[in-house]
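Chain by chain, the residues run as shown.
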Amino acid sequence: MYLSNGDFDLQVPGLATLHQRRSEKWSGHETDVLASTVAEMDFPLAPDVVAALHSAIDRHDLGYTPPTGTQLPAAFAGFARRQLGWTVDQDQVTLVPDVMAGLIELCRALLAPGEEVAFFTPAYPPFFAELPQARVELVLLPLGAAGVVDLEALQAALAGGVRALVLANPHNPTGRVIPLVELEEIADLCSSYGCWVLADEIHASLVLEGATHTPWLEVSDAARERGVALTSASKAFNLAGLKAALMITASDRAREAVRELPPLTDRVGILGVIAAEAAFAHGDRWLDVVRARLAGNRELLGELLAAELSKITWTPPQASYLAWLDCRALALGDNPAETFLARGRIAVSPGLDYGREGAGFVRLNFGTSPEHLTDAVRRVARAIS
Ligand SMILES: Cc1ncc(COP(=O)(O)O)c(C=O)c1O
């Protein structure tokens with residue numbers, strides 16, 4: 001996992017080896033298909049995470065997660081300070097199995113049945129499918145050009161009774177990092193209507209060179225008063241199957257609101273806690289290498305698209321490894337992903353899964369090797385040739 005120069009080896013195996021993986025991304029397709037779908041990276045895990053997981057197995061340590069007393073809040077507080085410029089009060093960190101479970105339970109606790117929760121679209125598909133488990137109504141707020149938040153539409157929704165806003169920042173699928181001024185305006189607006197903001201910052205530690213991310217709880221007093229941030233090590237360190245995420249508050253009101261939630265710690269996976277502790281405590285250097293690789297892949301993708309798929313347009317993401325590609329000029333209908341899979345044997349996520357603004361779009365995952373990324377673009381080119 002280390003190269004002889006002490007750097008990390010992010011070598012991605014060939015397609016046949018990737019298809020041996022059991023995760024959703026790789027197990028869901030025939031073996032000739034290149035999967036560029038689910039938000040997981042193909043790189044090997046960080047060595048400190050691997051070591052922590054191996055030693056847990058060697059200790060036969062697979063029992064329930066203790067309700068209190070894990071090192072995860074402390075490890076995250078250190079990581080947040082170093083990586084995100086965020087001062088986290090460890091006493092205001094609550095473990096949850098995953099970000100979606102936290103969002104659903106927060107909606108259930110903060111909103112009465114039938115009250116409204118809003119989010120910007122296009123959006124991460126489980127927002128549509130899973131938030132209604134909290135018996136809330138969804139209000140969809142289309143993003144403006146280039147993914148910019150439409151503050152007038154937000155104000156109208158707030159005036160119409162929206163009680164909580166789920167704010168994914170960095171955003172999935174556009175990869176946009178919301179600038180501080182826009183966050184301040186959102187905070188002021190939401191505060192003036194007494195609306196909660198559930199800040200989904202799961203991609204925040206993958207902000208790439210050229211962009212600056214401000215954690216929601218660092219935006220302003222208005223943001224802290226009715227704000228809850230949710231995050232985990234899962235996207236940046238590839239741990240999504242291990243089930244350990246964090247909910248963070250920074251005001252008495254928000255802390256009290258989180259206390260109302262049913263305890264979820266016994267549904268948090270012990271391996272997830274162990275892996276996330278290692279990632280947050282020791283993963284900084286590995287993460288630097290990953291971010292540099294992703295920035296390189298983003299550039300490569302731009303070059304490949306320009307050279308081979310000039311009808312596809314995109315705004316390069318400011319964070320993470322997801323490219324939101326506008327394929328409407330290819331005239332393949334609302335779901336070009338179908339054609340790409342059938343004719344090119346490349347699986348990408350259909351834009352329509354992210355809401356109706358996604359018609360004619362696809363989401364491509366570039367968290368892989370330059371070789372597989374080049375292959376991905378060639379497969380799309382073959383599909384439309
Ligand atoms: C914006 C966003 N929120 C939440 C999630 C899911 O997080 P979890 O697996 O912790 O529920 C993802 C996963 O890709 C995501 O992109």
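Residues numbered from 1 in each chain as written. Predicted model: local features only at pLDDT ≥ 70, side-chain atom pairs only at ≥ 80, totals over all residues. Heavy atoms only, no water.

1. Things to note about the overall build of the protein
The cut-off we apply is this: Only DSSP runs of H or I reaching four residues or more are called helices, and only runs of E reaching two or more are called strands; each is numbered from the N terminus. Here the radius of gyration uses the C-alpha set of atoms, whereas the globule reference equals 2.2 Å times the residue count to the power 0.38. Between two residues, a contact is recorded if the distance between any of their heavy atoms is within 4.5 Å. The protein chains shown are the only cover counted for residues, whose accessible areas, like all others here, come from Shrake-Rupley with a 1.4 Å probe. We count Lys and Arg on the positive side and Asp and Glu on the negative side, and we leave His and both chain ends out. Taken as the charge centre is NZ of Lys, CZ of Arg, CG of Asp or CD of Glu, depending on the residue.
On a plain count of helices and strands, the protein comes out with 15 helices and twelve strands. At 20 Å, the protein has a C-alpha radius of gyration in line with the 21 Å of a compact globule built from 385 residues. Considered along the principal axes of its C-alpha atoms, the protein spans approximately 55 × 55 × 35 Å. For the protein, long-range pairs separated by at least 24 residues make up 74% of all intrachain contacts whose partners lie at least 6 apart in sequence. Of the roughly 16,100 Å² of accessible surface on the protein, a fraction of 50% belongs to carbon and sulfur atoms. Treating the 31 positive side-chain charges of the protein as one cloud and the 47 negative ones as another, the clouds have centres 4 Å apart.

2. As for the site of the ligand
Counted only if it meets this: Distances are taken per atom, and a residue is near a molecule or strand as soon as one of its heavy atoms is within 4 Å of it. Whenever two N or O atoms come within 3.5 Å, that pair is a polar contact, provided that in protein one can donate a hydrogen and the other can accept it, and provided that, for residues adjacent in sequence, both atoms are side-chain atoms. Classes in brief: Ala, Val, Leu, Ile, Met, Phe, Trp, Tyr, Cys and Pro nonpolar; Asp, Glu, Lys and Arg charged; the others, Gly included, polar.
Around the ligand, the structure places Ala39, Asp98, Val99, Met100, Tyr124, Asn172, Asp200, Ile202, His203 and Lys235. Contact distances for the ligand include 2.8 Å between an oxygen atom and a backbone N or O atom of valine 99. At a separation of 2.8 Å, an oxygen atom of the ligand approaches a polar side-chain atom of histidine 203. In the complex, the protein chains occlude 94% of the 400 Å² of accessible area that the ligand would expose alone. In terms of residue class, the shell around the ligand is made up of five nonpolar, two polar and three charged.

3. Things to note about the sheet that holds strand E8 (residues 245-248)
Cut-off, in case you're wondering: By this definition, two strands are paired if DSSP reports at least two bridges between them. For helices, the fitted line uses only the C-alpha atoms of the stretch in contact; every axis is such a line through C-alpha atoms, and the angle between N-to-C directions lies from 0 to 180 degrees.
Sheet architecture is open: seven strands sit in the order E2-E8-E7-E6-E5-E3-E4, paired in mixed fashion. A single partner strand is all that each edge strand has here, and the edge strands are strand E2 (93-96) and strand E4 (137-142). Looking at each pair of strands side by side, their axes are set apart by 25° on average, direction ignored. Contacts from helix H11 (residues 252-259) reach E2, strand E6 (196-200), strand E7 (227-232) and E8 within the one sheet, and its direction differs from that of E6 by about 75°.

4. A closer look at the packing of aromatic side chains
Definition in use: Side-chain rings of Phe, Tyr and Trp, where Trp is taken by its six-membered ring, are said to pair if the distance between their centres is within 6.5 Å; with planes under 30 degrees apart they count as stacked, over 60 as edge-to-face, and otherwise as tilted.
Throughout the structure, instances matching the rule amount to eleven aromatic pairs. Between phenylalanine 76 and phenylalanine 280, the aromatic rings sit 5.1 Å apart at their centres with planes inclined by 70°, giving edge-to-face as the arrangement. Taken as a pair, phenylalanine 76 in helix H4 (residues 72-84) and phenylalanine 280 in helix H12 (residues 270-282) lie far apart in primary sequence, 204 residues in all. Ring geometry for phenylalanine 119 and phenylalanine 127: centres 5.4 Å apart, planes at 65°, overall edge-to-face.

5. Some details on the packing of helix H7 (residues 151-159) against helix H8 (residues 180-192)
The criterion, for reference: What sets the label is the angle itself: under 35 degrees gives roughly parallel, over 145 gives roughly antiparallel, 65 to 115 gives roughly perpendicular, and the rest give oblique. It is the rotation of the near helix from the far one that decides the hand of a crossing: anticlockwise by less than a right angle makes it left-handed, clockwise makes it right-handed.
Packing of H7 against H8 leaves a shortest axis separation of 10 Å and a crossing angle of 15°. The orientation of H7 relative to H8 falls into the category roughly parallel. In the packing of H7 onto H8, the handedness of the crossing is right-handed. Judged by residue contacts, Leu151, Leu154, Gln155 and Leu158 of H7 engage Glu185, Ile186, Leu189 and Cys190 from H8.

6. Describing helix H15 (residues 370-384)
Put simply, the rule reads: The length a helix should cover is 1.5 Å for every residue beyond the first.
Taking 1.5 Å of rise per residue, the 15 residues of H15 would be expected to cover 21 Å, and the 22 Å separating its terminal C-alpha atoms lies within 8% of that figure. Tucked inside the fold, the buried residues of H15 contact helix H1 (15-18), strand E1 (34-36), helix H13 (284-308), helix H14 (336-344), strand E11 (346-350) and strand E12 (361-365).

7. Structural notes on H4
Test applied: Only protein chains enter the accessibility calculation, which uses a 1.4 Å probe; a residue is then buried when its area is under 20% of its type maximum, exposed when over 50%, and partly exposed in between.
For H4, the set of buried residues is Leu72, Pro73, Ala75, Phe76, Ala77, Gly78, Phe79, Ala80 and Leu84. At its buried positions, H4 is contacted by E2, E7, helix H10 (234-237), E8, H12 and H13. Where H4 ends, the next residue or the one after it, glycine 85, has phi of about 60°, a positive value.

8. Details of the nonpolar core
Nonpolar side chains in soluble globular proteins generally cluster together in the buried interior. Going by this rule: Here, nonpolar core means buried Ala, Val, Leu, Ile, Met, Phe, Trp, Tyr and Cys residues that are tied together by side-chain atoms lying within 4.5 Å of each other.
Of all hydrophobic cores here, the largest spans 102 residues; its most connected members are Leu165, Trp216 and Phe237. Aside from chain neighbours lying at most four places away, what touches phenylalanine 237 is Leu45, Ala46, Phe79, Ala279, Gly283, Trp286 and Leu287.

9. Notes on unusual backbone geometry
The peptide bond linking threonine 121 to proline 122 adopts the cis configuration, its omega dihedral lying at 5°. The residue proline 122 is located in the loop between strand E3 (116-121) and helix H6 (125-130) in this model. In this structure, the amide linkage connecting asparagine 169 to the following residue, proline 170, adopts the cis form with an omega of -5°. Tracing the chain through its elements places proline 170 in the loop between strand E5 (162-168) and H8.

10. With respect to the pattern of salt bridges
To be explicit about the condition: We count a salt bridge whenever a side-chain nitrogen from Lys or Arg sits within 4 Å of a carboxyl oxygen from Asp or Glu.
Applying the stated criterion across every chain yields a total of 17 salt bridges. When the shortest N-O distance is used, the salt bridge between glutamate 30 and arginine 345 registers 3.5 Å. On the criterion of sequence distance, the pair formed by glutamate 30 in the loop between helix H2 (24-27) and E1 and arginine 345 in the loop between H14 and E11 is long-range, its members being 315 residues apart. Residue glutamate 30 is classed as exposed on the basis of its relative accessible area of 57%.

11. Quick look at the environment of glycine 360
If you trace the backbone, glycine 360 turns up in the loop between E11 and E12. Sequence separation between glycine 360 and aspartate 334 is 26 residues; the distance between their C-alpha atoms is 4.3 Å. When sequence neighbours within four positions are dropped, the list of residues in contact with glycine 360 reads Leu325, Asp326, Cys327, Arg328, Gly333, Asp334 and Pro336.

12. Some words on the sheet that holds strand E10 (residues 322-326)
Read from one edge to the other, the open sheet built from five strands follows the order E1-E11-E12-E10-E9, with strand pairing classed as mixed. A strand with exactly one partner marks an edge of an open sheet, and here the two such strands are E1 and strand E9 (313-314). In the sheet, E1 pairs with E11 via three bridges, with the strands oriented parallel. By the bridge assignment for E11, alanine 35 is matched with alanine 347. Its contacts with the sheet place H14 against E11 and E12, and it is angled at close to 170° to E11. H15 contacts E1, E11 and E12 of the sheet and is inclined by roughly 100° relative to E1.

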